[in-house]
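Observations on the three-dimensional arrangement
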Amino acid sequence: MNYIFTHYTTSKGQHNFGVNVLLNSIKVLNDNTIKVILFYDGYKDFNEYRDFVTVVNINNAGGWIPEMRVNVQRWYLYRNYIEKNIYKFNKQDKFFHCDSADVIFQKNIFNEIKEEEKILFFTENSECDFTEKPHKKWINHLHNFNWEGIQIQNIIKNKIICSGTIYFSNLSLFIDFLSRYAAYELNCMINNDLFNENPYNKMGGVNDQGVVNSLVYNFPDSTYKIIENETLNLVCTMALMKRVENRCNESQYEVKTSSNIISVNNIIPCVLHQYNRYDEGNATLYNRPNLTKFIYNKYIGT
């Protein structure tokens, strides 16, 4: 079985229809080998997706939900869920973690990936690194503002791994990574002044992208494979593509909507991520289709 793990925490009970867009994009693939585990704290029941979606209520019932920043918290939720439900999974199952409100699937990514015994990380635009905001803040806060320290210096000139899309070729690798992530994050917390001064501050501006990049680049592993965003065929992460275009003041990407499919430079990515952030200002500037409008109209009719 192929599992997609995703997580959405509502803002004051408000539902984000980007979650429906994600689920509908998976539904239209019409592939019964894909199941979704959605960690959700809102009030929507998602009954229309019950054939392939399991909703895990994370309203802190029983106190099992870790008190951490939302995008850091999800990795602990995944780990706790796997631990409690290990009997539901098989060792050959494949897993894909993704953000929930700004992701669509255009093709079955599990069918397209041939690597075995690998964790695949997908970068953002290769022309950007951790010397830029907000990425600089994330690792600076994570490592206690020790900018000259080896842990940060090992990271800053590398390509930015996006923590919103990661693939695991089997259950064992998923479990191993969840354990490594949790241990690394907790060790960073005990050595962090921001957290010690105010545990509710959750280490200032730290998010899971800082943690994932620090873990992967400071402690590389033979199972890790990093795929550059410019490859495009598996995952296209779009937010920093806009930043690069704005620097050059010209369009560098040919984005088309044809036959209800989005292509980038004539390649159809299996997964599009951050399409809404790429749209901001770009649709008008470069006379190209508004992806958010196109995607919402296709998947939820608005």
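Please refer to the structure higher up on the page.
Model, not experiment: these values are computed from the prediction.

Some words on the overall build of the protein chain
- On a plain count of helices and strands, the protein chain comes out with twelve helices and twelve strands.
- Of the roughly 13600 Å² of accessible surface on the protein chain, a fraction of 46% belongs to carbon and sulfur atoms.

Thoughts on the sheet that holds strand β12 (residues 271-273)
- Read from one edge of the open sheet, three strands run β5-β12-β9, paired in mixed fashion. Looking at the sheet topology across the chains shown, the edges are occupied by β5 (103-105) and β9 (235-237). Sheet twist, expressed as the mean angle between neighbouring strand axes with direction ignored, is 10 degrees.
- In the sheet, β5 pairs with β12 via three bridges, with the strands oriented antiparallel. Bridge pairing links Val-103 to His-273 in β12.

A short note on helix α12 (residues 291-300)
- The set of residues buried in α12 consists of Leu-291, Phe-294, Ile-295, Tyr-296 and Tyr-299.
- If you follow the buried residues of α12, they end up packed against α1 (17-27), β5, β10 (255-258), β11 (261-264) and α10 (275-279).
- For α12, the N-terminal capping position is held by Asn-290, with its side-chain oxygen 3.2 Å away from the main-chain nitrogen of Thr-292.
- Once α12 finishes, Gly-301 follows within two positions and takes phi at roughly 70 degrees, a positive value.

Quick notes on the pairing of strand β1 (residues 2-8)
- Among the seven residues in β1, seven count as buried, and that is most of the element.
- Burial along β1 is two-sided: the residues Asn-2, Ile-4, Thr-6 and Tyr-8 and Tyr-3, Phe-5 and His-7 are all buried.
- Two strands pair when backbone bridges link them, and β1 and strand β2 (residues 34-40) are joined in this way by seven bridges, in the parallel orientation. In the strand pairing of β2, Tyr-3 is matched with Lys-35.
- Bridging between β1 and strand β4 (residues 94-98) involves four bridges; their strand directions are parallel. Opposite Asn-2, over in β4, you have Lys-94 as the bridge partner.

Focus: the layout of surface pockets
- Its boundaries defined by the atoms lining it, the largest pocket holds a volume of some 610 Å³.
- Considering the residues around the largest pocket, the lining is formed by 28 residues, among which Asn-71, Asp-99, Asp-102, Gln-274 and Arg-277 are closest to the centre.
- When contributions to the lining of the largest pocket are tallied by element, the ones reaching two or more residues are β1, α2 (70-84), α4 (135-142), β7 (161-168), α8 (208-218) and α9 (239-248).
- In terms of residues, the lining of the largest pocket owes the most to one element, α9, which gives four residues.
- Residues belonging to the lining of the largest pocket are distributed by class as follows: eight nonpolar, twelve polar and eight charged.
- In this structure, the second largest pocket spans a volume of roughly 200 Å³.
- What lines the second largest pocket is a set of 13 residues, and nearest its centre among them are Lys-27, Asn-30, Asp-31, Asp-51 and Phe-52.

Considering the nonpolar core
- Counting residues in each nonpolar core, the largest one holds 48 residues, and the members touching the most others are Phe-5, Phe-39, Phe-121 and Phe-177.
- Counting residues per element, this core draws most heavily on helix α6 (residues 171-190), at ten residues.
- Each residue touching Phe-5, except ones within four places of it in the same chain, is listed here: Ile-37, Phe-39, Tyr-78, Tyr-81, Ile-82, Phe-89, Phe-95, Phe-96, His-97, Cys-98 and Phe-174.
- With 30 residues, the next largest nonpolar core counts Leu-23, Val-103, Phe-105 and Tyr-167 among its residues.

Some details on the packing of α4 against α8
- Contact pair α4 / α8: the axes reach a minimum separation of 8 Å and the direction vectors enclose 70 degrees. Between α4 and α8, the angle is such that the two are roughly perpendicular. Contacts between α4 and α8 involve His-135, Trp-138, Ile-139 and Leu-142 on the former and, on the latter, Gln-209, Gly-210, Val-211 and Ser-214.
- The class makeup of the residues in the contact of α4 with α8 is four nonpolar, four polar and no charged.

Some words on the side chain of Thr-123
- Position of Thr-123 among the secondary structure elements: in strand β6 (residues 119-123).
- Other than its neighbours up to four places away in sequence, Thr-123 contacts Lys-159, Ile-160, Ile-161, Cys-162, Ile-226, Ile-227, Glu-228, Asn-229 and Thr-237.

Thoughts on the pattern of salt bridges
- Evaluation of the coordinates by the stated rule reveals nine salt bridges.
- For Lys-44, the salt bridge goes to Glu-48, with nearest N and O atoms at 3.4 Å.
- Given a relative accessible area of 27%, Lys-44 falls into the partly exposed group.
- A relative accessible area of 39% places Glu-48 in the partly exposed class.

Here we look at the pairing of β6
- Along β6, five of the five residues are buried, which leaves the element largely enclosed by surrounding structure.
- Here β6 shows a buried face lined by Ile-119, Phe-121 and Thr-123 and a second buried face lined by Leu-120 and Phe-122.
- In the sheet, β6 pairs with β7 via five bridges, with the strands oriented antiparallel. Bridging across to β7, Phe-121 finds its partner in Ile-166.

Parameters and conventions
Residues numbered from 1 in each chain as written. Predicted model: local features only at pLDDT ≥ 70, side-chain atom pairs only at ≥ 80, totals over all residues. Heavy atoms only, no water. Helix = DSSP H or I, 4+ residues; strand = E, 2+ residues; numbered from the N terminus. Areas by Shrake-Rupley, 256 points an atom, 1.4 Å probe, with all protein chains shown as cover. Pairing = 2+ DSSP bridges. Axes fitted to C-alpha atoms, helices over the stretch in contact; angles between N-to-C directions. Buried < 20%, exposed > 50% of the residue type's maximum accessible area, 1.4 Å probe, protein only. Contact = heavy atoms within 4.5 Å. Polar contact = N/O pair within 3.5 Å; in protein donor to acceptor, adjacent residues only side chain to side chain. 1 Å grid on protein atoms, 1.4 Å probe; cavity = no way out; pocket = protein on both sides within 12 Å on 5 of 7 lines; lining within 4 Å. Points joined across faces, edges and corners; volume = space filled by probe spheres on them. Nonpolar A, V, L, I, M, F, W, Y, C, P; charged D, E, K, R; others polar. Core = buried A, V, L, I, M, F, W, Y, C linked by side-chain atoms within 4.5 Å. Parallel < 35°, antiparallel > 145°, perpendicular 65-115°, else oblique. Salt bridge = Lys/Arg side-chain N within 4 Å of Asp/Glu carboxyl O.

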